[in-house]
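Each chain, letter by letter, is given below.
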Amino acid sequence: MTKANYIVMTALIVALGGLLMGFDASVISGVVKFIEPEFNLTSLEIGWSVSSLTLTATLAMLLAGPLSDRYGRRLVLRYAAILYAISAIASALAPTFWFLVVARMIGGFGVGASLILAPMYIAEIAPPKIRGRMVSFNQLNIVIGISLAFFTNYLILKYGTSDAGWAKTLMLGEYQWRWMLGLETLPAVLYFLGLFFVPKSPRWLIMKGELDQAKKVMSQFNSEEQVKQDLEAIQQSIEKDKSKKKESFAELLNPTLRLVLTIGIVVSVLQQITGINSVFFYAPMIFEQSGIGTDASFVQAILVGLVNLAFTVLAILFIDKLGRKPLLIFGVAGIVICMFILAYGFNSATYTLPKDSLTELVDAESKLKLESLSEITYTDDTGFKAAIVDAIGKEKATEYSAALITAAIKMNPTLILAGIIGFVASFAISIGPVMWVLFSELFPNWIRGIAISFVGLINSAVSFIVQLVFPWELEVLGSATTFLIYGIFALLGLVFIIKVVPETKGKSLEELEEMLVSK
């Protein structure tokens, strides 16, 4: 095997953590529709079912960097794989809502660790000229995992209502959401086994004084001359930083880190505050709001996953050619435009219940209660949904929501689909993969683990809040206002990128330290 192929193979194995993260986080999008009526959940409880994983992922990001600095990137990733498997099995068997939440939170520890450590490890083994592409493998696997979750959710939904003998034997119809969650066990086991075939991080080995072992690992990825140069550069960097206090979050207050930390914090917030996980984790719910129905909403969720995958591949192809900053500017500008399109699309919708169709949509008792609403045209989704709840109660409203919205809404669903697809494409070619590449490059060796954990924690905390409140936002603020808020945040982020974020393409980690960390 050539050195180049070995780098790619190693990066792909480590990046399987991203696939698990993407699958684990997005599979809940198909589960929500089933657990909401089964456990009689409120909008905030729905938010908890989705965001609970991110809550513990946030804590794991705080711990993953320091733990990896002490015990090694590879070992911590192995434990993350174990947590993924435990979470998948426990989630599938959950007898109550809160048991499910706890099971999801266990998986969150694996998500946080792999999200931080996989790109860090890859950045530490990859040569500068291909580092962007290699680190982007992690984001690529995340979106493959997202697409896989959407696809398997749809297949389980489809075959769960079919007459196929094998589907009945597996009881897909009775346990649809449990199968959706339990499937993750298989890739988790494969990830655990695959990590036995990757070496320890050479930069971590040098930090621990194991120079011979580090040189042996580096020789698998680079020429002898390049290994010698890299060893000298890394040793000089570590020697220079010996006087600095290591493995302390207080060191993040060091004035020399002000610029890189500011960039890291703003970019980490921007990636989530524009609503990407609202789209990924609630895709069927969003599409149902546009009136296309349940089955079509699952199909369109698959389309979202495929677009995400395709544009992430484009980002990988261009990130080392065009650079990080051009992709960020182009993509975030696209996010601004698409969010404003979505806000306009939902704001222009009207809702009128067709009286002659109520018999086909709801039971007889609910039909009588809803007939008085059939002469009223609502100009916003919040007023329409509130009227439905007042008429037939929350439980019935939840059961019939998708059918009633589909029958009542008058809008352009193609515009909504275009806005969502454009948003996902813009995110996937820019701040999705570029953020993690920047994180792996911005921070100096002596503080990288802690710094990435810190900005990753902020990223995850914002993600948790966005996921938690999204169902509440749809219920209280409405779809149009929710997407308008996301668009305004994206516009502010675009201004920051243009004015502050530097280009890091083609430079070694040690060169970037000289350039970005003030003395």
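Just so it is clear, the model here is predicted, and its values are computed rather than measured.

Moving on, we come to the sheet that holds strand E1 (residues 350-352). Strand order in the open sheet made by the three strands is E2-E1-E3, with antiparallel pairing throughout. Looking along the sheet, the strands with just one partner apiece sit at the ends: strand E2 (377-378) and strand E3 (409-410). Here two bridges tie E1 to E3, and the two strands are oriented antiparallel to one another. Paired with Tyr351 across the bridge in E3 is Ile409.

Turning our eyes to something else, we now look at the packing of helix H2 (residues 16-26) against helix H6 (residues 97-125). Interhelical geometry of H2 versus H6 gives an angle of 145° and a closest axis separation of 9 Å. Once H2 is placed against H6, the crossing between them reads as left-handed. When H2 is examined against H6, the residues Gly17, Met21, Asp24 and Ala25 are found in contact with a partner set consisting of Arg104, Gly107, Val111, Ser114 and Leu115. Taken together, the residues of the contact of H2 with H6 sort by class into four nonpolar, three polar and two charged.

Looking now at unusual backbone geometry. Positioned with a positive phi, Asn40 is a non-glycine residue whose angle comes to about 50°. Among the structural elements, Asn40 can be located in the loop between helix H3 (28-38) and helix H4 (43-71). Its relative accessible area of 48% is what places Asn40 among the partly exposed residues. Residue Met171 is not a glycine yet carries a positive backbone phi of 55°.

The subject of this paragraph is the side chain of Ser49. Its place among the elements puts Ser49 in helix H4. The contact partners of Ser49, leaving out residues within four places of it in the chain, are Ile28, Val32, Ile35, Phe97 and Arg104.

Here we take up the packing of helix H1 (residues 3-14) against H6. Two numbers describe how H1 lies on H6: the axes approach to 9 Å, and their chain directions differ by 170°. When the axis of H1 is compared with that of H6, the two are roughly antiparallel. Between H1 and H6, the contacting residues are Thr10, Ala11 and Val14 on the first element and Ala118, Tyr121, Ile122 and Ile125 on the second. The residue inventory of the contact of H1 with H6, partitioned by class, reads six nonpolar, one polar and no charged.

To continue, consider the side chain of Ser68. Positionally, Ser68 belongs in helix H4. Judged by its relative accessible area of 0%, Ser68 is buried. Leaving out residues up to four positions away in the same chain, Ser68 has contacts with Arg73, Val76, Leu117, Met120 and Trp204.

Here the focus is the pattern of salt bridges. For the structure on display, the rule yields 11 salt bridges. Residue Arg104 pairs with Asp24 through a salt bridge whose shortest N-O separation is 3.0 Å. With Arg104 in helix H6 and Asp24 in helix H2, this pair connects stretches of sequence that are 80 residues apart. Judged on exposure class, the residue Arg104 and its partner Asp24 are both buried. Note that Glu124 is salt-bridged to Arg73, the shortest N-O span being 2.7 Å. Here Glu124, found in helix H6, pairs with Arg73, found in helix H5 (residues 73-92); they are 51 residues apart in sequence, far enough to count as distant. Each member of the pair, Glu124 as well as Arg73, carries the same accessibility label: buried. The structure contains a network of salt bridges with shared partners spanning Asp69, Arg73 and Glu124.

Cut-off values and rules
- Residues numbered from 1 in each chain as written.
- Predicted model: local features only at pLDDT ≥ 70, side-chain atom pairs only at ≥ 80, totals over all residues.
- Heavy atoms only, no water.
- Pairing = 2+ DSSP bridges.
- Helix = DSSP H or I, 4+ residues; strand = E, 2+ residues; numbered from the N terminus.
- Axes fitted to C-alpha atoms, helices over the stretch in contact; angles between N-to-C directions.
- Left-handed = near helix turned anticlockwise from the far one by under 90°.
- Contact = heavy atoms within 4.5 Å.
- Nonpolar A, V, L, I, M, F, W, Y, C, P; charged D, E, K, R; others polar.
- Buried < 20%, exposed > 50% of the residue type's maximum accessible area, 1.4 Å probe, protein only.
- Parallel < 35°, antiparallel > 145°, perpendicular 65-115°, else oblique.
- Salt bridge = Lys/Arg side-chain N within 4 Å of Asp/Glu carboxyl O.

Geometric values such as these leave the question of function open.
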